[in-house]
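Descriptive structure summary
Spelled out, the chains give:
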Amino acid sequence: MATSKKPITSVQKAAAVIIALGSDTASQIYKYLKEDEVEQLTYEIARMSHLTSDEVNAVLDDFYQLCLTQKVITDGGLGYARNVLEKAYGKEEATSLLDRVTKNLKTRAFDFLQKADYKNILTAIQNEHPQTIALVLSYVRPDQSAAVIANLPPEKRVDVVQRIANMDRTSPDVIKIVENNLADKFGNVLDVEFTQFGGVDYVADVMNNMDRSNEKSIFDELNRKNAELSDEIRKKMFVFEDITTMDDISIQRVLREVDSKDLVYALKGANKEVADVIFRNMSSRSADTVKSDLEYTHNVRLRDVEEAQQRIVGVIRRLENEGEIVIAKGGDEIIE
């Protein structure tokens, strides 16, 4: 039986493009990258020897299409871009390209907040109207948004979560007003087209970055205010207990990445179903070691258990982003 090839990760694709551009151009591009991005790219470039010429050509063709999409959006707007791309690639491919590029366009607004400490963002917006807070948090990274929401007053943070989840599109004029109010503290920003942002998927990502105690508190309150929305967000999330929904091969891949101490602490607060699934996917020797450690580990704080579980969820989400595993979320269908 033939085995399917492992998908090429986004970092590997970027490395392939850098190699194709040549060292002179690559050195110019490196000037605009963050230190961790340079490290990731350099590592992948150093080990880039297993891609076939067909795979490299496919990566470069994809890169060219994205560059073209970016250009036609910039030159003529989204409507013009859709018309051009549909004629060039067909409706389905045009929609895919536009979706990918407009997600990146979103980061142009409030780009000055991307590297800001969440405490600075919190100080700047905590006294604003919940709708304004929701707008700003829809444009920052999910981990920043999670930290800000966790530190808002309880009566305000649920309101903000609901407003982010219910967002769809907003006018560049509205964005500019909010940006200008923050400009004195964080600098100038770029104009944007009408771009989709916020929404249930984004809130789910934010909640995945939230610590377990705040996550529970927010969902308890949200359940009382809007049970339907709460359920919709939960279906899009992946929490520690969802390990039971993963296939055995994926669980085994995750366990190879997880720190043994985190696993022991996480299992201290896990139900029997989760523990059984994890032990089933370990060797007998490893399972016996973990069970022994569990027996002799006492007086563990709930906070330490929750943080260990969150780190394991972080490993799962990273491996999914890298294409190493596939996890099903609310309504996703997995074809084996």
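Coordinates for the structure precede this section.
Our subject in this report is the structure included herewith. (Residues numbered from 1 in each chain as written. Predicted model: local features only at pLDDT ≥ 70, side-chain atom pairs only at ≥ 80, totals over all residues. Heavy atoms only, no water.)

1. Focus on the packing of aromatic side chains
- Using the criterion set out here, one finds zero aromatic pairs in the structure.
- Positioned over the ring face of F279 is K291, at 4.9 Å from the centre of the ring. (Phe/Tyr/Trp six-rings, centres within 6.5 Å; stacked < 30°, edge-to-face > 60°. Lys NZ or Arg CZ within 6 Å of the ring centre and 35° of its normal.)

2. Things to note about the packing of helix α8 (residues 142-150) against helix α9 (residues 154-165)
- Where α8 meets α9, the axes come as close as 9 Å, and the angle between the chain directions of the two elements is 145 degrees. Contact residues: α8 offers S145, I149 and A150, while α9 offers R157, V161 and I164.
- A breakdown of the residues in the contact of α8 with α9 according to their chemical character gives four nonpolar, one polar and one charged. (Axes fitted to C-alpha atoms, helices over the stretch in contact; angles between N-to-C directions. Helix = DSSP H or I, 4+ residues; strand = E, 2+ residues; numbered from the N terminus. Contact = heavy atoms within 4.5 Å. Nonpolar A, V, L, I, M, F, W, Y, C, P; charged D, E, K, R; others polar.)

3. Thoughts on helix α18 (residues 302-321)
- With 20 residues, α18 should reach 28 Å at 1.5 Å per residue; the first-to-last C-alpha distance of 29 Å fits that figure.
- Inspection of α18 places D304, V305, E306, A308, Q309, Q310, I312, V313, V315, I316, R317 and L319 among the buried residues, and these make up the whole buried set.
- Following α18 by one or two positions, G323 adopts a phi angle in the positive range, close to 80 degrees. (Expected span 1.5 Å × (residues − 1). Buried < 20%, exposed > 50% of the residue type's maximum accessible area, 1.4 Å probe, protein only.)

4. A look at the environment of I316
- Within the element layout of this structure, I316 appears in helix α18.
- Since its relative accessible area comes to 0%, I316 is described here as buried.
- Separated by 11 residues in sequence, I316 and I327 have C-alpha atoms that sit 8.6 Å apart.
- Those residues within four positions of I316 in sequence are excluded, and the remaining contacts are F238, I243, M246, V254, I325 and I327.

5. Here we look at α8
- Of all nine residues making up α8, eight are buried, and the element is well covered by its neighbours.
- Taken as a whole, α8 has its buried residues at P142, Q144, S145, A146, A147, V148, I149 and A150.

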